[in-house]
Amino acid sequence: LQSFDLDEMPALRTTRLSQGIPSCRDGVLFSKLRLLSAAGKVLSRNVYWLAPQGADDFTSLKDWGKRKVGLVAEISRPSTWVFHAKLRNPSACVAFFVSLKVVKGKQVRDVNDLLLPVYYSENYITLFPGESLGIDVDLGSVASPRHDLEGVNLLVEGWNVDPFSVPLTPNNPLFL
């Protein structure tokens, strides 16, 4: 294990941000910070919710749910019990607090509709306008001969996203 004192390390490059952050509503702003490798690969992605002028007032978020953002999901299956979901935000608004659930059926009526445990590489995400993000969904912990994927769906929900589900079956036309 090795640690570094960041105060003693010179910055390779810093950028001062002065450009406005796109928003479809007044009030809360969103900022995305990405750490890139020298080759340009994303090493870390963080999203921050910012209240205007340093205030701690996030109440404007309650109005965001009234204007829905449509997301698009594409599913691929790299292995028997792992799926890759690619979410894309084609709208001009930020889609936030987007979550994934694997469900029996097309919606969650009660906790028995959830397929558990399922592991996600990302969850509760924010997607900026035009942004795509890939998420791995690992069903290996629930895999057994007793569990088939008939009737199992990936449910996508969000604060300002119309919920939709995508079948996790091999005959799904959305599979890539």
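Report follows, based on the coordinates. (Residues numbered from 1 in each chain as written. Predicted model: local features only at pLDDT ≥ 70, side-chain atom pairs only at ≥ 80, totals over all residues. Heavy atoms only, no water.)

Notes on the overall build of the protein chain
Then comes step 1: Counting secondary structure elements, the protein chain contains 1 helix and 10 strands.
Then comes step 2: For the protein chain, the N- to C-terminal ordering of α and β elements is β-β-α-β-β-β-β-β-β-β-β.
Then comes step 3: Taking the contacts inside the protein chain whose residues are at least 6 apart along the sequence as the reference set, 60% of them involve residues at least 24 apart.
Then comes step 4: Element-wise, carbon and sulfur atoms account for 53% of the exposed surface of the protein chain, whose accessible area totals about 11,500 Å². (Helix = DSSP H or I, 4+ residues; strand = E, 2+ residues; numbered from the N terminus. Contact = heavy atoms within 4.5 Å. Areas by Shrake-Rupley, 256 points an atom, 1.4 Å probe, with all protein chains shown as cover.)

Points about the side chain of N89
Then comes step 1: Along the chain, N89 falls in the loop between β4 (82-88) and β5 (95-104).
Then comes step 2: One polar contact links N89 to S91, side chain to side chain, over a distance of 2.7 Å.
Then comes step 3: Reaching out from N89, the side chain makes a polar contact with the backbone oxygen of L127 at a distance of 3.0 Å.
Then comes step 4: Those residues in contact with N89 that sit more than four places away from it in its chain are V69, G70, L71, V94, A95, L127, F128, P129, G130 and E131. (Polar contact = N/O pair within 3.5 Å; in protein donor to acceptor, adjacent residues only side chain to side chain.)

Topic: the environment of W64
Then comes step 1: Here W64 shows up in helix α1 (residues 61-64).
Then comes step 2: According to the relative accessible area criterion, W64 is buried, its value standing at 2%. (Buried < 20%, exposed > 50% of the residue type's maximum accessible area, 1.4 Å probe, protein only.)

A few points about a nonpolar patch on the surface
Then comes step 1: A surface patch of nonpolar side chains, about 510 Å² in accessible area, is lined by W49, F58, F97, Y124 and W159.
Then comes step 2: Along the chain, the position of F58 falls in the loop between β2 (42-50) and α1.
Then comes step 3: Residue F58 is classed as partly exposed on the basis of its relative accessible area, which comes to 33%. (Patch = residues over 30% accessible without salt bridge, like charges linked within 9 Å, V, L, I, M, F, W, Y side chains within 5 Å. Salt bridge = Lys/Arg side-chain N within 4 Å of Asp/Glu carboxyl O.)

Here's the deal with the pairing of strand β8 (residues 132-138)
Then comes step 1: Side-chain alternation along β8 places L133, I135 and V137 on a buried face and S132, G134, D136 and D138 on a face that remains uncovered.
Then comes step 2: Judged from the 7 bridges that link them, β4 and β8 form a sheet pairing that is antiparallel. What sits directly across from R88, in β8, is S132.
Then comes step 3: Pairing of strand β6 (residues 119-120) with β8 involves 2 bridges; the strand directions are antiparallel. Among the inter-strand pairings, Y120 is bridged to a residue of β8, identified as V137. (Pairing = 2+ DSSP bridges.)

Section: the sheet that holds strand β9 (residues 152-158)
Then comes step 1: The antiparallel open sheet is built from 4 strands, whose spatial order is β7-β5-β9-β10. Each edge of the open sheet is held by one strand with a lone partner, namely β7 (125-127) and β10 (161-167). Going from strand to strand, the sheet's axes swing by 30° on average, the running direction of each strand aside.
Then comes step 2: The pairing of β9 with β10 spans 5 bridges and is antiparallel. Directly across from L154, in β10, lies its bridge partner V166. (Axes fitted to C-alpha atoms, helices over the stretch in contact; angles between N-to-C directions.)

Description of the pattern of salt bridges
Then comes step 1: Counted according to the given criterion, the structure contains 3 salt bridges.
Then comes step 2: E131 is the partner of R45 in a salt bridge, and the nearest nitrogen-oxygen pair spans 3.1 Å. Here R45, found in strand β2, pairs with E131, found in the loop between β7 and β8; they are 86 residues apart in sequence, far enough to count as distant.
Then comes step 3: For E131, a relative accessible area of 12% puts it in the buried group.
Then comes step 4: Sharing partners across several salt bridges, the network here consists of K32, R45 and E131.

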